[in-house]
Amino acid sequence: MLTAIKPKSRKITEINKDGDAVILFSKHEKIRIEVIKPVIIRVTATTRDDFSDKERPGVINRDISADYELKEEDEEVIVSTSGISLRVNRNNGAISYFDNMGNMLLEEKGDAPRTYEEFETYTLADGEQKTRIIDTADGKKEVIEEPLKIPTGKSFHIKLNLEFGDEALYGFGQHEKEIGSLRGSRLYIHQANRQIAMPVFVSTKGYGVLIDTYSPLIFNDDQNGSYVYSEADCELDYYFMAGGMEQVIKDYRFLTGKATLLPKWAFGYVQSQERYETQAEIIETTQKSRKLGIGMDCIVLDWISWGENMWGQKSYDESRFPDPSGMVKELHDKHTHFMISIWPTMAGNTPDNREFAEKKLFLPACNVYNAFKKEGRKLYFDQLKRTHFSYGTDAWWCDSSEPFTPEWNHVERPEPAKLFGEYCSEAGLRMPYEYCNSFPLYHAMGIYENQRAAMNELKGTGNAGKDAENGVYKEKRVCNLTRSAYTGQQRFGTVMWSGDTDASWETLRAQVTAGLHFCASGIPFWTMDIGAFFVKQGAFWYWDGKYDDTVDDETYCELFVRWYQLGAFLPVFRGHGTDCRRELWNFKGRFYDALLKANRLRYSLIPYIYSEAGKVWLEDKSLIRWLAFDFPKDKNVWDIKDQYMFGEALMVCPILKPAKNGKDTVCTGKSGISGDAKQEEISSERTVYFPAGCDWFDFYTGVKYEGGTSTSIKAGLDTIPVFVKSGSIIPMCKPALSTEELGDTEFKKFGDGEASYMFYTDAGDGYAYENGEYSLKEIIM
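Residues numbered from 1 in each chain as written. Predicted model: local features only at pLDDT ≥ 70, side-chain atom pairs only at ≥ 80, totals over all residues. Heavy atoms only, no water.

### Let's talk about the nonpolar core
Counting residues in each nonpolar core, the largest one holds 135 residues, and the members touching the most others are Phe569, Leu605, Tyr644, Phe646 and Leu650. Beyond its immediate chain neighbours, meaning those up to four positions away, Tyr644 contacts Val512, Leu516, Leu566, Phe569, Leu570, Ile624, Arg625, Leu627, Leu650, Met651, Val652 and Pro654. Residues Phe119, Phe201, Ala371 and Ala444 belong to the second largest nonpolar core, which totals 105 residues. (Core = buried A, V, L, I, M, F, W, Y, C linked by side-chain atoms within 4.5 Å. Buried < 20%, exposed > 50% of the residue type's maximum accessible area, 1.4 Å probe, protein only. Contact = heavy atoms within 4.5 Å.)

### Remarks on the packing of aromatic side chains
Any two aromatic rings considered together are summarised by their centre-to-centre distance and by the angle between their planes. This model, assessed by the stated rule, comprises 57 aromatic pairs. Judged by centre distance (5.6 Å) and plane angle (75°), the ring pair of Trp397 and Trp497 falls under edge-to-face. With a gap of 100 residues between them, Trp397 in strand β24 (residues 395-398) and Trp497 in strand β26 (residues 494-497) connect regions that are remote in the sequence. Judged by relative accessible area, which is 1%, Trp397 ranks as buried. Assessed through its relative accessible area of 1%, Trp497 is described here as buried. Arranged with centres 5.2 Å apart and planes meeting at 85°, the rings of Phe699 and Tyr700 form a pair that is edge-to-face. You can call Tyr700 partly exposed: its relative accessible area is 34%. Here the aromatic cluster, defined as three or more aromatic residues joined through ring pairs, consists of Tyr97, Phe164, Phe172, Phe201, Tyr207, Phe219 and Phe240. In this arrangement the basic side chain of Arg574 is found over the ring face of Trp397, its NZ or CZ atom lying 5.3 Å from the centre. (Phe/Tyr/Trp six-rings, centres within 6.5 Å; stacked < 30°, edge-to-face > 60°. Helix = DSSP H or I, 4+ residues; strand = E, 2+ residues; numbered from the N terminus. Lys NZ or Arg CZ within 6 Å of the ring centre and 35° of its normal.)

### Description of the sheet that holds strand β20 (residues 236-242)
If you walk across this open sheet you meet the eight strands as β1-β2-β3-β4-β20-β17-β16-β14, and the pairing is antiparallel. Unpaired on one side and paired on the other, β1 (14-18) and β14 (169-174) mark the two borders of the sheet. Strand-to-strand twist in this sheet, taken as the mean axis angle between neighbours without regard to direction, amounts to 20°. Pairing of strand β16 (residues 196-203) with strand β17 (residues 207-211), which is carried by three bridges, proceeds in the antiparallel orientation. (Pairing = 2+ DSSP bridges. Axes fitted to C-alpha atoms, helices over the stretch in contact; angles between N-to-C directions.)

### Structural notes on the sheet that holds β24
Strand order across the open sheet formed by eight strands is β27-β26-β25-β24-β23-β22-β21-β28, with parallel pairing between neighbours. With partners counted over all chains shown, the strands left at the sheet margins are β27 (526-527) and β28 (573-575), one partner each. Summarising the sheet, β24 and strand β25 (residues 480-482) pair through three bridges and their orientation is parallel. Pairing of Cys398 across the sheet is with Thr482, part of β25.

### Structural notes on the pattern of salt bridges
The final tally for this structure, using the stated rule, is 47 salt bridges. Across the pair Glu34 and Arg42 runs a salt bridge, and its minimum N-O distance is 3.3 Å. Neither residue differs from the other here; Glu34 and Arg42 are each classed as buried. Between Asp718 and Lys597 there is a salt bridge, with the nearest N and O atoms lying 3.3 Å from each other. With Asp718 in the loop between β35 (709-716) and β36 (722-725) and Lys597 in helix α10 (residues 589-604), this pair connects stretches of sequence that are 121 residues apart. You can call Asp718 partly exposed: its relative accessible area is 35%. Lys597 gets classed as partly exposed once you look at its relative accessible area, which sits at 37%. Look at the salt bridges and you will find they share partners, linking Arg32, Glu34, Arg42, Arg56, Arg62, Asp212, Glu235 and Asp237 into a network. (Salt bridge = Lys/Arg side-chain N within 4 Å of Asp/Glu carboxyl O.)

### A look at the pairing of strand β4 (residues 40-46)
Counting buried residues along β4, seven of its seven residues qualify, which places the element largely inside the surrounding structure. On β4, burial covers both faces: Ile40, Arg42, Thr44 and Thr46 on one face and Ile41, Val43 and Ala45 on the other are all buried. Where strand β3 (residues 30-37) and β4 come together, seven bridges link them in antiparallel fashion. By the bridge assignment for β4, Arg32 is matched with Thr44. The hairpin formed by β3 and β4 contains two residues between the paired strands.

### Details of the packing of helix α2 (residues 279-291) against helix α3 (residues 324-333)
Two elements in contact, α2 and α3, have axes separated by 11 Å at closest approach and are oriented at 5°. Between α2 and α3, the angle falls in the class roughly parallel. Residues Gln279, Ile282, Ile283, Thr286 and Gln287 of α2 lie in contact with α3, whose contacting residues are Pro324, Met327, Glu330 and Leu331. When the residues that make up the contact of α2 with α3 are grouped by side-chain class, the tally is five nonpolar, three polar and one charged. (Parallel < 35°, antiparallel > 145°, perpendicular 65-115°, else oblique. Nonpolar A, V, L, I, M, F, W, Y, C, P; charged D, E, K, R; others polar.)

### Brief notes about unusual backbone geometry
Here the amide bond leading from Glu274 into Arg275 is cis, since omega sits at -5°, within 30 degrees of zero. Its place among the elements puts Arg275 in the loop between β21 (269-271) and α2. Along the chain, Glu402 connects to Pro403 via a cis peptide bond; the corresponding omega equals -5°. Relative to the helices and strands, Pro403 resides in the loop between β24 and α6 (416-430). Positive phi, normally seen in glycine, also occurs at Ser400, with a value near 55°. Residue placement: Ser400 occurs in the loop between β24 and α6. You can call Ser400 buried: its relative accessible area is 2%.

### Side note on helix α5 (residues 374-386)
For α5, spanning 13 residues, the distance from its first C-alpha to its last is 19 Å, which sits close to the expected 18 Å at 1.5 Å a residue. For α5, every residue scored as buried is listed here: Gly376, Arg377, Leu379, Tyr380, Phe381, Asp382, Gln383 and Leu384. (Expected span 1.5 Å × (residues − 1).)

Purely geometric stuff here, so don't read any function into it on its own.
Pasting the structure below:
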């Protein structure tokens, strides 16, 4: 008969103090407990002799301690603070967490709270690898066909087994499919074109968990158990945060850094298109937008600004862009900012590639630069300084920041588990295996730190202060639109978006939950491709739009309007895509009218939006939130997927389904304000739930609704339902063509009795906010 091999005992046999830390020992593992703040406790567990000192770039405030009390009882070891307590079962090492009223918040599973499986990691061997270049809609990809590998050491597959109670969970980044509470789900948490990995979640019980890993993860909560699995780590390292859902976001930012404040113009409309091909086209588009009275603060140059067959080169094709500095200056004269797409890849025949190759600063067997090395990050920005930065470029679009997306190598959509394996395999051979999710963090770090260093150098020489002209630069905040993110990336001036989506109502609905889960993960600035990136039906799984006639299909026009209205109530308001033009004048008649109305509504709310954005930095707030963040005790809101809070006062209830009387007919009418009286009205109806605890007012009509009730709301094509929390003051202004041209702010009160609002402004687009030099005004009405 086979002989059972008994596992090592998990029973706690020894308790020591090491400085401010409590160390628990068993034959199975060693556990370290550190109190960072009264509501933050760090737990590290390992089966090795010593805890690791490996680089963890996401968490920057780990070496801080707070007072606590240690009790050693027969059955438990208790660590308590003024805010929470942690109890360790001495028989099995399982940890449970309680609030200061004695209510259990979370517990690890008793029989096997943490498991470890050791395995060998590999990287690509030096020398020639057999690869091939493939063209995808996500750019050129270099694929390894027969990898030659060498071992790099040992790591562990680690699982943290948990027991959840009556609660909803949110976070773990951005998910492609529509999903409310994460309970009952299985998520593969790795970087991809349409998903963003984040190792943090928050509960309606008022706690959150940040796992300080840089590896792909799996979250599972079904009949197979509730756990978080890490693909590769030397040890388990996580932070338990408590004090309420909003406090968890503050805790996350305390640990990983404050979110930088974007420049004010970034909250206006960002016009993008795949793609503007010439300097003249960019200027003409800007001129036409202003002529038609369309608010626009930024225009974006997508890929292939470089010359033919020079993928990723950080310089212009001079035949199409003869005077980049002049172009940017002309845009600035029109109160328009300029963003350009840059890539982490550089084709082999380019000067940029040769410079990186000479210094051996590429990842193995590919033309992706090594962002994990400081010198790689510096060289990348040095190349930008010679060209785009010197031309006065205002913002970066760091596309493909994963940068390995094996799902785009398939004709049919891969199964999630297969894709997880492919991602780990491909990324893990080219990046350190334990850091496969963290490339976007290092990439964003390099852009931010080196741009800031460059501005400081210019200030030191006196060459800063006005627009690019003769080598003189305007001081500006870092603004980086990038597709992926990881722990702590909010401190690097980044905006994330939902990737190359396809046009359908299903996708539109999924955008709401994608953004809410992402922002519940602690990073505040997020956006999407209004109208979806792909509109037509293509041969590949991802090119799956439903509207081959694009803007000549009235059903797509309706979808685009509703998408645009949703975008007007997101942190960043941005249109982009392929298959058809995205400038508003390409949509005719009543659709154009509805789009223009939404555009003007956004600009009228800039004083409110920018004030709320100021609170993101000053008070660690989030611009968009699940209703549960504001109303955690109202269980009716826990799984609402189609309503959310925008700032502290506005509840947005977008139209996410086509009108019942919508028809598949061709759009009629002219571009511009036109008479559509003979057309059948496109009107939608939806149910709105008003969270309990306060009354609500219709933003447009002032009609009052009682909290804790539901009602059916009708919305014409030109209206997105929005409601205001009773007792709120909304700062507004007349709409303008840009945020630089806004008029005086007026304040509108909703509800009876006295109300107050903390109204924030700052000194402009410099860095004054980082020194606390902002204007704070309390509005009382």
